Amino acid sequence: MLPASLGSVPKLTYLDLISNQFWGRIPVSLGNLLQLTALYLAEMKISGEISESLANLTQLSSLFINSNELVGQIPSWLMNLAKLTLLDLSYNQLHGMMPSLISQLKYLEKLCLDRNNLSVEVELDIFLKLQNLFVFELSRSKLTVFTKNITNATLPKFLVLGLESCNMKEFPNFLQFQDELEVLFFDNNKIQGEIPTWFRNNTNENIREVQLGNYILTGFEQHPAVIAWRSILILDLSL
């Protein structure tokens, strides 16, 4: 089990236990580590809900609890961790509502919630308020993602964007502003028809990977003489 004695080192600022064989629940005593700035509890066998005691760790900038067996909802008290820049809760069994207040974590640069069991509708626009976000993963979390018709180009500039299996029915038009995008996972949605001209022309010419598989695509809205993605290594348009 994760030893409760870890919470008895009050001046600890960095704790990394990635890929150890610890199991069980997150001990409440970790909430005593008030000077902690980085907490890595990934790739273990931690179960139960995310301990509310972590809400005390207001100096945290990095929180990785991915690849465990966590259940319950994404806690709303995460908003207390106002200094977070990196948050990874992926590859767990979290479910339920997505706290809309997550948009208040204005310093977030990386947010990974993929591979959970959230099974809810979520408006993508709440995440697009996070101006510093450049890695964003929602893929395969059993979400239904929708978005408004966004015309404001003042959006985060993503390098990695994961919206695979999010039940989306059209290409979200905010993608036309993503001229720094390098990796896009957008396969296994519910899109039919043609790839928009703006999507092909406006995304980054240095993009390396585009996953658009498992759609009923009929071609390009405007047939390209040349594919602008000169640096692409992986392009998946399979059915």
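Please refer to the structure higher up on the page.
Let us look at the structure shown here. (Residues numbered from 1 in each chain as written. Predicted model: local features only at pLDDT ≥ 70, side-chain atom pairs only at ≥ 80, totals over all residues. Heavy atoms only, no water.)

## Description of unusual backbone geometry
Then, number 1: Unusually for a residue other than glycine, E43 sits at a positive phi of about 60 degrees.
Then, number 2: Here E43 is to be found in the loop between strand 3 (38-40) and strand 4 (45-48).
Then, number 3: By relative accessible area, which is 44% here, E43 ends up partly exposed.
Then, number 4: Positive phi is not limited to glycine here, since N188 has a value of about 60 degrees.
Then, number 5: The residue N188 is located in the loop between strand 13 (183-185) and strand 14 (192-195) in this model. (Helix = DSSP H or I, 4+ residues; strand = E, 2+ residues; numbered from the N terminus. Buried < 20%, exposed > 50% of the residue type's maximum accessible area, 1.4 Å probe, protein only.)

## A word on the sheet that holds strand 4
Then, number 1: Overall, parallel pairing links the three strands, which are arranged 2-4-6 in an open sheet. Edge positions in the sheet fall to strand 2 (23-24) and strand 6 (69-70), since each of these pairs with one other strand and no more.
Then, number 2: Sheet topology places strand 4 next to strand 6; two bridges connect them, and they run parallel. In the strand pairing of strand 6, G48 is matched with L70. (Pairing = 2+ DSSP bridges.)

## A word on the nonpolar core
Then, number 1: One finds F127, L138 and F174 to be the most contacted residues of the largest nonpolar core, which totals 70 residues.
Then, number 2: When sequence neighbours within four positions are dropped, the list of residues in contact with L138 reads M98, L113, D114, L124, F127, L143, V145, G162, L163 and C166. (Core = buried A, V, L, I, M, F, W, Y, C linked by side-chain atoms within 4.5 Å. Contact = heavy atoms within 4.5 Å.)

## Some points on the pairing of strand 4
Then, number 1: One ladder, built from two bridges, connects strand 2 with strand 4; its direction is parallel. Its bridge partner lying in strand 4, G24 is registered against I46.

## Let's talk about the environment of K142
Then, number 1: Examined against the element boundaries, K142 turns out to sit in the loop between strand 10 (135-137) and strand 11 (144-146).
Then, number 2: A relative accessible area of 52% places K142 in the exposed class.
Then, number 3: Along the primary structure K142 and K11 are separated by 131 residues, whereas in three dimensions their C-alpha atoms are 40 Å apart.
Then, number 4: The residues contacting K142, other than those within four sequence positions of it, are N116, N117, L118, S119 and V120.

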